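Below are the chains, spelled out letter by letter.
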Amino acid sequence: MTLSPPTTAPSEPYVLADDPVLDMLNTLANIDGVPWDFWQTDADVAAWLVRLHWVEQNGIPLFEPDALLSAARELREVIRALVAARKAQQPGNPAALNSFLRKAVSHPQLVWRAGETPTLERQRKQQTAEQFLAPIAEAAATLLVEGDFNLIRRCEHPECILWFYDRTKAHKRRWCSMALCGNRHKVAEFRKRKLKL
């Protein structure tokens, strides 16, 4: 079922996390305090994958209707639970993510184009939506193992659920975006000061 977006919802998911795995989590956001899932159809997921350079425009296989949407939403929530657990320094259950990783059938392939040096490229089976999304599952596993969770944060605005990787020089980023939540915070603080006068 396709829902109508809130009137103020952007047409595309936010890309502001400085990490593609966290940007995946941010395809579910609060718009004016109301949860909004930017992924309503297979085409929405495909457009996001192309936008974040996970695949080329013509590199998306055909799956059963809603298979890509269902698998992407499932993977997103599996990753969300593990990231939240890791951030809270709590044990997480990797079984669901490991299930996605087990479905990743791949092998290295030597590629040697005329006039170029040889390279290794990973070839993947993409018969199912889960196999197709396996690179994201692998990136999530890498983030969970190698990411600096002192710098992986949720936006400090109380209504915001967006995540980001603070790659700023001073590591003092507080908001998903100054244009979104940072500005809302400034306006709220200004109103509080006006009321006290």
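Note: the structure precedes this text.
Remember, predicted model here, so these are calculated numbers, not experimental data. (Residues numbered from 1 in each chain as written. Predicted model: local features only at pLDDT ≥ 70, side-chain atom pairs only at ≥ 80, totals over all residues. Heavy atoms only, no water.)

A. Up close: the nonpolar core. Counting residues in each nonpolar core, the largest one holds 39 residues, and the members touching the most others are L22, L49, L68, L75, I79, V83 and L133. Secondary structure elements with two or more residues in this core: α1 (20-25), α2 (42-51), α3 (67-87), α4 (95-102), α5 (129-132), α6 (134-146) and β6 (163-165). If we skip the residues at most four places from it in the chain, L75 touches M24, L97, F100, L133, I136 and A137. In this structure, A9, I31, W36 and L162 belong to the second largest nonpolar core, which totals 13 residues. (Core = buried A, V, L, I, M, F, W, Y, C linked by side-chain atoms within 4.5 Å. Buried < 20%, exposed > 50% of the residue type's maximum accessible area, 1.4 Å probe, protein only. Helix = DSSP H or I, 4+ residues; strand = E, 2+ residues; numbered from the N terminus. Contact = heavy atoms within 4.5 Å.)

B. Region of the structure containing the packing of aromatic side chains. Evaluation of the coordinates by the stated rule reveals three aromatic pairs. With 5.4 Å between their ring centres and 70 degrees between their planes, W39 and W48 make a pair best called edge-to-face. Assigned by exposure class, W39 and W48 land together as buried. Plain terms: the ring middles of F63 and F132 are 5.7 Å apart, the flat faces sit at 55 degrees to each other, and that makes the pair tilted. (Phe/Tyr/Trp six-rings, centres within 6.5 Å; stacked < 30°, edge-to-face > 60°.)

C. Spatial organisation of unusual backbone geometry. For D18, which is not glycine, the phi torsion reads 60 degrees and is therefore positive. Residue position: D18 is located in the segment before α1. In this structure, Q89 is a non-glycine residue whose phi angle is positive, near 55 degrees. You can see Q89 is positioned in the loop between α3 and α4.

D. How the structure looks around the side chain of D23. Along the chain, D23 falls in helix α1. In this structure, D23 is buried with no salt-bridge partner, the nearest side chain bearing the opposite charge being R173 at 7.6 Å. A polar side-chain atom of D23 sits 3.0 Å from the main-chain amide nitrogen of L16. Aside from chain neighbours lying at most four places away, what touches D23 is Y14, V15, L16, A17, D18, W48 and L52. (Lys, Arg positive; Asp, Glu negative; His and termini not counted. Salt bridge = Lys/Arg side-chain N within 4 Å of Asp/Glu carboxyl O. Polar contact = N/O pair within 3.5 Å; in protein donor to acceptor, adjacent residues only side chain to side chain.)

E. Geometry of α2. Every buried residue of α2 is listed here: V45, A46, W48, L49 and V50. For α2, the secondary structure elements touched by its buried residues are α1, α3, α5 and α6. Just downstream of α2, H53 is the residue with a positive phi angle, here 65 degrees.

F. Main features of the pattern of salt bridges. Overall, the coordinates contain 11 salt bridges when judged by the stated rule. We note a salt bridge from R124 to E138, for which the minimum N-O separation is 3.0 Å. Remark: E138 occurs in helix α6 and R124 occurs in strand β4 (residues 119-124); sequence separation between them is 14 residues. Of the residues examined, E138 reaches a relative accessible area of 29% and is grouped as partly exposed. Shared partners join several salt bridges into a network, and the residues in it are D37, R73, R76, E77 and R80.

G. The arrangement of α6 in detail. Counted at 1.5 Å a residue, the expected span for α6 with its 13 residues is 18 Å, and the 18 Å between its end C-alpha atoms agrees. Where α6 is concerned, the buried positions are A134, I136, A137, A140, L143 and L144. (Expected span 1.5 Å × (residues − 1).)

H. Here's a closer look at the environment of F63. Take F63: it is sitting in the loop between α2 and α3. Once you skip the residues sitting within four places of it in the chain, F63 turns out to touch L68, Q126, Q127, T128, A129 and F132.

I. Looking closely at the pairing of strand β1 (residues 28-31). Taken together, the four bridges between β1 and strand β2 (residues 34-37) define a ladder with antiparallel strand orientation. Along β2, the bridge assignment pairs L28 with D37. (Pairing = 2+ DSSP bridges.)

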